[in-house]
Amino acid sequence: MDTTTGSREEAREEEPGWLGIEEASPFTVKSKATKVAADAKRWSSLVNATLVVLIMTMPPLIFIGGRLGAPTVWIKSTVANLGAPVGEESSKDVLLGGLLVPGFDKQSCASRYQSVYYRKNMTRLPSPYLIRRLREHEALQRRCGPGTEPYIRATERLRSEQQVLDSNDGCNYLVLISYRGLGNRILATNSAFLYALLTNRVLLVDPGHGNTLPDLFCEPFPGTTWLLPPDFPVANFRDLDEAAPESYANVVMNRSRSVTGLRFVYAHLDHDASQANRLVYCDDHREFLHRVQWMILRTDQYMSPGFFFNPAYESELQRMFPRTDSVFYIISRYLLHPTNEVWGMVTRFYNSYLKDADERLGIQIRVFGDENKSAQHVLDQILACTSREHLLPAVASTGGGGGGAPPPRSKAVLITCLSSWYHDNIREMYWMSGAGNGEVVSVHQPSHEGQQQWFHGEHDMKALAEIFLLSLTDKIVTSGQSTFGYVSHALGGLTPFITYRTMDETVADPPCARTVSMEPCAFTVPHFDCVKKDYTVDIPPRTATIRTCEDVFWGVKLTEAEA
């Protein structure tokens, strides 16, 4: 469910893969249209039946001054409260210290205010300055977003192919092209929002092929939408590439062209972006970019560390994120709220299999290349990692029969992978021999889809539910160079144990390492020093808060400066 530098996955065939969990599964997805129609019919029947029973059995006095719509209100209220643990409603800060705003419809997006009951307290709190900037940005999105007069004027200028510079109404736009795997798209969306925040641009996200984004995430901004309207006037914008005349590199290199006749600038920050296009991270042409009303961005990467190389953003970033290792974590808690369909999958599975365990361990497995050749060594490496780091207990030397005193602890292991083979082997290992320390180890896997698909609604919904489930664990092991793994641990504020990817089908020594921070790794950042204007270095520069990734030597990640 993720891609890495230069890799492309084949579209996979659908195949059943739910470990025998059928329609009643806590992780079931139905066709959206079928579900909506069935739910509407069922609720309508229930309301009518309830009204008949009430009218026939209740004293008439009850309805004096009352409303016949009351049963419907009760039903909606009940649905909105599903998933929130009983008795904890007043013990948690559902607004996350001011990160979120009240007033959203709780029924249309239950996860926004419910997820706090499934998570530990926030490990990084939002700064007062960031909260202020978020409120200002929400106002910008409402004032300039789709359907507003400024947006209509801006799109008309695009449609008429007028030069669009120096907007009089203060409304500039960042359009994010959605593509590649779900992990890549989440990393891109998170960092695109940070760029929009830094540059005071309205963020509009391409819903993607098949319009899958609305099935995955709720609207993040009150009173407006972040979805790019389908009538966006730039034809074939998803096909833009580095050769486009509007690409940042071409505009900058062809100085004689300047900005004459320019309708928009296209920023190509994909994994294969040229160094010329990566110059957008530096501030040489920052004023030029700010004059262009429309900016279209393509990226499949986590860009945020690149912004820290730009001296023009240094002060603003420091005020927004005093803890540098909190960028993805805080932005994702603000921006990414799964839809009710996805959140229902998360809560049903969590409550059924994970909630009552003393400890929850997540293991995210991403196999690159031929799995038939590498499966055994991947399993061996995972077991070596979990043993070395004392994440899983050793199995008993003899098959004990149980009995006696109650087990001291229970551990639920959540495995996510496109294949069920790893789950089956680990589960059988503890079923046949048990844990040597007496722990009760249960092993669970929500799905095994076989192959990755892009922009397949049901597949993406399952993938997103698994990402959120992994983020709810206490400790986590992830696969090196996996964007799916990056998102899962960073969303949960977890510092993962990351397994090293080997090319010769052997177990790495050591098999894994604890990362220096919970931030994702960024593959595509400037390979030059923006301050010294040194464009000859082979790898990105390192600073007190930017370190080399454990699994990608050419990548960097944000960390907290060492004392």
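Here the structure is a predicted model, which is why all the values come from computation and not from measurement. Counting restarts for each chain, with residues numbered from 1 along the sequence as it is written. Totals for whole chains, interfaces and linings use all residues, but because this is a predicted model, local features are given only for residues with pLDDT of at least 70 and pairs of side-chain atoms are given and counted only at 80 or more. Each side-chain value is derived from all of the structure's non-hydrogen atoms; neither hydrogens nor water enter the calculation.

(A) Here's a closer look at the sheet that holds strand β1 (residues 172-177). Overall, parallel pairing links the four strands, which are arranged β2-β1-β4-β3 in an open sheet. Because the sheet does not close on itself, it has two edges, and the strands there are β2 (201-205) and β3 (265-268). Each adjacent strand pair in this sheet contributes to an overall mean axis angle of 20 degrees, direction not counted. The contact criterion used throughout is that any non-hydrogen atoms of two residues lie within 4.5 Å. Convention adopted: a line fitted to C-alpha atoms gives each axis, helices being fitted over their contacting stretch, and angles between N-to-C directions are expressed from 0 to 180 degrees. Helix and strand definitions here come from DSSP, where helices need a minimum of 4 consecutive H or I residues and strands a minimum of 2 consecutive E residues; each element is numbered from the N-terminal end. Contacting β1 and β2, helix α4 (residues 128-144) runs over the sheet at an angle of about 70 degrees to β2. With respect to the sheet, helix α5 (residues 149-159) is in contact with β1, β2 and β4 (294-298), its orientation differing from that of β4 by roughly 80 degrees. Paired strands, in this sense, are two strands between which DSSP finds at least two bridges.

(B) Highlighting the packing of aromatic side chains. Aromatic pairing here means that ring centres of Phe, Tyr or Trp (its six-membered ring) are within 6.5 Å. Orientation follows from the plane angle: under 30 degrees is stacked, over 60 is edge-to-face, and everything else is tilted. Applying the stated criterion across every chain, the model contains 18 aromatic pairs. Where Y118 meets Y350, the ring centres are 5.5 Å apart and the plane angle is 80 degrees; that geometry is what we call edge-to-face. Here the residue Y118 occupies a position in the loop between α3 (111-114) and α4, and Y350 occupies one in helix α14 (residues 340-354), the gap between them amounting to 232 residues. Here the term buried applies to any residue with accessible area under 20% of the maximum for its type, exposed to any over 50%, and partly exposed to those in between, with areas from a 1.4 Å probe on protein chains only. You can call Y350 buried: its relative accessible area is 7%. Taking the centre distance of 6.1 Å and the plane angle of 75 degrees together, the rings of Y486 and F523 count as edge-to-face. Here Y486, found in helix α18 (residues 483-491), pairs with F523, found in the loop between β10 (512-514) and β11 (546-548); they are 37 residues apart in sequence, far enough to count as distant. On the accessibility criterion, F523 (4% relative accessible area) is buried. Only lysine NZ and arginine CZ atoms are considered, and such an atom sits over a ring when it is within 6 Å of the ring centre and within 35 degrees of the ring normal. The lysine or arginine in question, R298, covers the ring of Y179, its NZ or CZ lying 4.9 Å from the ring centre. Its guanidinium or amino end placed over the ring of F368, R501 lies 4.2 Å from that ring's centre, counting from NZ or CZ.

(C) Looking closely at the environment of S433. Mapped onto the elements of the fold, S433 is located in the loop between α16 (421-432) and β7 (440-444). By relative accessible area, S433 is classed as partly exposed at 27%. For the pair S433 and V395, spaced 38 residues apart in the sequence, the C-alpha separation amounts to 5.9 Å.

(D) Spotlight on the sheet that holds strand β6 (residues 410-416). Sheet architecture is open: six strands sit in the order β7-β6-β5-β8-β9-β10, paired in mixed fashion. The open sheet has two free edges, formed respectively by β7 and β10, since each of these has just one partner strand. When the angles between neighbouring strand axes are averaged without regard to direction, this sheet yields 20 degrees. Looking at chain direction, strand β9 (residues 497-499) and β10 are connected through three bridges and run antiparallel. The residue of β10 that forms the bridge with F497 is R514. Running over the sheet, α14 touches β5 (359-364), β6 and β7 and is turned about 140 degrees from β6. Docked against the sheet, α18 engages β5, β6, β8 (475-479) and β9, running at close to 165 degrees with respect to β8.

(E) Structural detail: the packing of helix α6 (residues 182-199) against helix α17 (residues 457-471). Between α6 and α17, the shortest axis-to-axis distance is 10 Å and the interhelical angle comes to 65 degrees. Considering the angle they form, α6 stands roughly perpendicular to α17. In this structure, α6 meets α17 at a crossing whose hand is right-handed. Residue-level inspection shows L182, R185 and I186 of α6 in contact with α17, the latter providing D460, A463, L464 and I467. Amino acids outside the nonpolar list (Ala, Val, Leu, Ile, Met, Phe, Trp, Tyr, Cys, Pro) and the charged list (Asp, Glu, Lys, Arg) are all regarded as polar, and Gly is one of them. Classifying every residue of the contact of α6 with α17 gives five nonpolar, no polar and two charged. In these notes the angle categories are as follows: under 35 degrees is roughly parallel, over 145 is roughly antiparallel, 65 to 115 is roughly perpendicular, and the rest is oblique. By convention the crossing between two helices is left-handed if the near helix lies anticlockwise of the far one by an angle smaller than a right angle, and right-handed if it lies clockwise.

(F) Just α16, in detail. Expected helix span is computed as 1.5 Å times (number of residues minus one). Helix length check: α16, at twelve residues, gives a terminal C-alpha distance of 16 Å against a target of 16 Å (1.5 Å per residue), a fit within 8%. Among the residues of α16, Y422, H423, I426 and Y430 are the ones counted as buried. One side of α16 holds all its buried residues, which, seen down the axis, span an arc of 100 degrees. Pointing more than 90 degrees away from the buried face of α16 are the exposed residues W431 and M432. Where α16 terminates, the next one or two residues include G434, which has phi positive at roughly 80 degrees. Comment: arc refers to directions from the helix axis out to C-beta atoms.

(G) Quick look at the confidence of the model for the chain. Here the chain averages 81 in pLDDT, while 75% of its residues score no lower than 70. Predicted confidence is poor over residues 1-25, with pLDDT under 50, and the contacts of this stretch with residues over four places away or in other chains come to 81 contacts. The low-confidence segment residues 30-82, where pLDDT is below 50, has 28 contacts with residues more than four positions distant or belonging to other chains. Here pLDDT means the predictor's own confidence in every residue, given as a number from 0 to 100.

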